[in-house]
Amino acid sequence: MIIDDQYYEVIIIGSGAGGGTLAHKLAQAGKEILILERGSFLPQEDANWNATEVFKKEKYHAHEQWYDNAGEPFRPQTNYWVGGNTKVYGAALLRMRERDFEEVKHQEGTSPEWALKYQDFEPYYTEAENLFEVHGRTGDDPTAPPRSHDYPFPPVSHESRMQDIADAISKQGLHPAHLPLGILLNEADRQQSQCIRCSTCDGFPCKIHAKADTEVKTIRPILDLPNVTLQTEAKVVALHTSPSGREVKAVEAEIDGKAHLFFGDIVVLACGAVNSAALLLRSANDLHPDGLANSSGLVGRNFMKHLITAVVQISPTPNPSSYQKTIGVNDYYWGDADFPYPMGHIQNTGNVLQEMIPAEAPPLLSLLSRLVPGAGLRQLATHSTGWWLQTEDLPDLDNRVRIAGNKLHVDYTPNNAEAHDRLIYRWTDVLKAIDKTSENAAIRRGIYPRSEASIQVVANQCGTCRFGEDPKSSVLDLNCRTHDIDNLYVVDSSFFPSNAGVSPALTIMANALRVGDHLLERMG
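Please read all numbers here as calculations on a predicted model, not as lab measurements. (Residues numbered from 1 in each chain as written. Predicted model: local features only at pLDDT ≥ 70, side-chain atom pairs only at ≥ 80, totals over all residues. Heavy atoms only, no water.)

Engineer: Talk me through the pattern of salt bridges; I want residue IDs and the actual numbers.
Structural biologist: On inspection of all chains with the given rule, the structure shows 26 salt bridges. A salt bridge links Glu187 to Arg197; the nearest nitrogen and oxygen atoms lie 3.0 Å apart. A residue pair is termed long-range when its members are at least 10 positions apart, and Glu187 in the loop between β9 (181-182) and α5 (214-219) and Arg197 in the loop between β9 and α5 qualify at 10 residues. Accessibility expressed as a relative area gives 30% for Glu187, which makes it partly exposed. Residue Arg197 is classed as buried on the basis of its relative accessible area of 5%. (Salt bridge = Lys/Arg side-chain N within 4 Å of Asp/Glu carboxyl O. Helix = DSSP H or I, 4+ residues; strand = E, 2+ residues; numbered from the N terminus. Buried < 20%, exposed > 50% of the residue type's maximum accessible area, 1.4 Å probe, protein only.)

Shown next, in the form of structure tokens:
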């Protein structure tokens, strides 16, 4: 056992949306912090923008096995790098709606009320949008919550074909909005723009560091500070408590095959909802036989990850747009006249590239490439626009992360499925109305290939250590400190009581900034 002889004010485990954002805030305030990151720096290389390497070979995903509720192994689409999952995220940074913080009735159940409300997060949303350079437009999304300040940067413009699609959606009585995006783009002066509006952004690492991920925006800017230590390739395997069980006294990590112990006043988990829960469960001891912070029995439970479907719009009109991910639609977020329950959020995917189709595109799209005369992969790709449909799944005690022996199990059964099906049907009808005519008979019949996100897709994971005021019904208090252990916090998406319909990234970042203020006050 190697013992680190330095004592830190704060040890942060993980450098993604939660950990990286918190580290940046505490480091700027001069706190002595250690960041333990399981991965290394993701290399800037040609493979970053190679669809075959990224999607077919899954070059950047973790090389490990988790197990589903049937006990079958799967390789999760999660990422162990400095920056965590933000290294490959689509950088769509949306605020939760005001009603998302209230109790919401769904057809298949209830989304629980949050103990804190939108106004508690609003100033931190603003702070996060400034930190991650979010581009957006106030007023074009009627479901968007009120704001104290405008977006720090103007919206990412629609290229010509995407503008045509947005206009066509508007003619259907809907409200396509500019998708809020965290990319380092300067459209007023392209010579000064780090982002080049390439076709390999969503799901790809950025070869030129032009995506507002946490490596680029929060970790690299603090690495030269004397109060910051980053230890990469450090897999944290256990948290060790004091004799009373009320404090974490040491963090154990494997580095180069050897066990290391690190000591600090405050320990913060930011490993992602699955791995943070798994670490708490794996750290069980005599005083915490069911895992750390688990007196409620809720650690690992209420796992959520959205119901997600990718829909490909194959149009008779080519789509030459180099950067297609600019439109978001929330008209069905709270339902419609025929279905008075929330359905969810719609946004563009990144470009549908020729090399992605065999590995990543829906099965029907591959079938279409064989059935439609002359419709080779290149032609299909150049006539395609991708859409990402996501619906809130509801917390369920039986949807959980658990440890059996050395195996990490994710027991998950989707729920709220009819709402998601209705969102697919509504959006398909909109696309059919847009693409009314085509010279291609197959396309004219209204074929819109789609695929459902499998258990491997854990990009929007949340909910395994929910926060709340009652220690019997929550794992964390309102400052995201564990009820059971005084110096242990969790700042990833584990704290979510419900999933909302929008992606969780900006809320994770905002919450990390909020918890950062609490920690600065606590430490003095």
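Engineer: Go over helix α3 (residues 118-131), please, and point to the residues and values.
Structural biologist: End to end, α3 covers 19 Å across 14 residues, agreeing with the expected 20 Å (1.5 Å per residue, within 8%). Tyr124 marks the point of greatest bend in α3, at about 25°. Of all the positions in α3, only Tyr118, Phe121, Glu122, Tyr124, Tyr125, Thr126, Ala128, Glu129 and Leu131 are classed as buried. Positive phi appears at Glu133, one or two residues downstream of α3, with a value of about 50°. (Expected span 1.5 Å × (residues − 1). Bend = angle between axes of the 7 residues up to and from the residue.)

Engineer: Go over the side chain of Thr391 with me, naming the residues and quoting the values.
Structural biologist: Summarising the element assignment, Thr391 is placed in strand β17 (residues 384-391). Polar contacts involving the side chain of Thr391 include one to the side chain of His420, which spans 2.7 Å. For Thr391, the residues in contact, after removing those within four places along its chain, are His306, Leu307, Met343, Gly344, Asn416, Ala419, His420 and Leu423. (Polar contact = N/O pair within 3.5 Å; in protein donor to acceptor, adjacent residues only side chain to side chain. Contact = heavy atoms within 4.5 Å.)

Engineer: Just give me the short version of the packing of aromatic side chains, but keep the residues and values in it.
Structural biologist: Within the structure shown, the criterion is met by 19 aromatic pairs. Centre to centre, the rings of Tyr60 and Trp81 are 6.0 Å apart; their planes meet at 65°, and the pair counts as edge-to-face. Separated by 21 residues along the polypeptide, Tyr60 in the loop between α2 (51-56) and β3 (66-67) and Trp81 in the loop between β4 (73-74) and β5 (104-106) bring together distant segments of the chain. When sorted by exposure, Tyr60 lands in the same class as Trp81, which is buried. Their ring planes at 85° and their centres at 5.7 Å tell us that Phe303 and Tyr412 sit as a pair that is edge-to-face. Taken together, the positions of Phe303 in the loop between α6 (273-282) and β14 (307-314) and Tyr412 in the loop between β19 (407-411) and α10 (417-434) put the pair 109 residues apart, joining distant regions of the chain. Accessibility assignment for this pair places Phe303 and Tyr412 in one class, buried. Within the aromatic cluster, the residues linked to one another by ring pairs are Phe101, Trp114, Tyr118, Phe121, Tyr125, Phe467, Phe495 and Phe496. (Phe/Tyr/Trp six-rings, centres within 6.5 Å; stacked < 30°, edge-to-face > 60°.)

Engineer: So what about the pairing of β19? Which residues, and what values?
Structural biologist: Burial analysis of β19 places 4 of its 5 residues in the buried class, which makes it a mostly covered element. Bridging between strand β18 (residues 400-404) and β19 involves 5 bridges; their strand directions are antiparallel. Bridge assignment links Arg400 to a residue of β19, and that residue is Asp411. Following β18, the chain reverses through 2 residues before pairing antiparallel with β19; Gly405 in that reversal takes a positive phi of roughly 65°. (Pairing = 2+ DSSP bridges.)

Engineer: Go over the pairing of β17 with me, naming the residues and quoting the values.
Structural biologist: In terms of burial, β17 is a largely internal element, 7 of the 8 residues being buried. The pairing of strand β16 (residues 345-348) with β17 spans 4 bridges and is antiparallel. The residue bridging Ile346 from the neighbouring strand is Leu389, located in β17.

Engineer: Can you break down the nonpolar core residue by residue, with the values?
Structural biologist: Ile13, Ile33, Leu239, Val268 and Val410 are the most contacted members of the largest nonpolar core, which totals 110 residues. The element contributing the most residues to this core is helix α12 (residues 505-523), with 9 residues. Apart from residues lying up to four places away in sequence, Val268 is in contact with Val10, Ile11, Ile12, Ile13, Leu22, Tyr489, Val491 and Leu519. Formed by 23 residues, the second largest nonpolar core is a distinct cluster that contains Ile169, Phe339, Ile346 and Trp387. (Core = buried A, V, L, I, M, F, W, Y, C linked by side-chain atoms within 4.5 Å.)

Engineer: Give a description of the packing of α3 against α12 that names residues and reports values.
Structural biologist: It is the contact of α3 with α12, at a shortest axis distance of 8 Å, that shows an interaxial angle of 105°. If you check the angle between α3 and α12, you find them roughly perpendicular. Across the interface between the two elements, Asp120, Phe121, Tyr124, Tyr125, Glu127, Ala128 and Glu129 of α3 pack against Leu506, Thr507, Met509, Ala510, Asn511, Leu513, Arg514 and Asp517 of α12. Partitioned by chemical class, the residues of the contact of α3 with α12 number 8 nonpolar, 2 polar and 5 charged. (Axes fitted to C-alpha atoms, helices over the stretch in contact; angles between N-to-C directions. Parallel < 35°, antiparallel > 145°, perpendicular 65-115°, else oblique. Nonpolar A, V, L, I, M, F, W, Y, C, P; charged D, E, K, R; others polar.)

Engineer: How would you sum up the packing of helix α1 (residues 19-28) against α12? Please name residues and give values.
Structural biologist: Packing of α1 against α12 brings their axes to within 8 Å, and their N-to-C directions diverge by 35°. For α1 against α12, the interelement crossing comes out right-handed. Contacts between α1 and α12 involve Thr21, Leu22, Lys25 and Leu26 on the former and, on the latter, Met509, Ala512, Leu513, Val515, Gly516, Asp517, Leu519, Leu520 and Met523. The residue makeup of the contact of α1 with α12, split by class, is 9 nonpolar, 2 polar and 2 charged. (Left-handed = near helix turned anticlockwise from the far one by under 90°.)

Engineer: Lay out the side chain of Asn511 in plain terms, naming residues and giving numbers.
Structural biologist: Locating Asn511 in the fold gives a position in helix α12. The class for Asn511 is buried, based on a relative accessible area of 0%. Among the polar contacts listed, one links the side chain of Asn511 to the side chain of Arg514, at a separation of 2.8 Å. Not counting residues within four places of it along the chain, the set of residues in contact with Asn511 comprises Phe121, Cys480 and Phe495.

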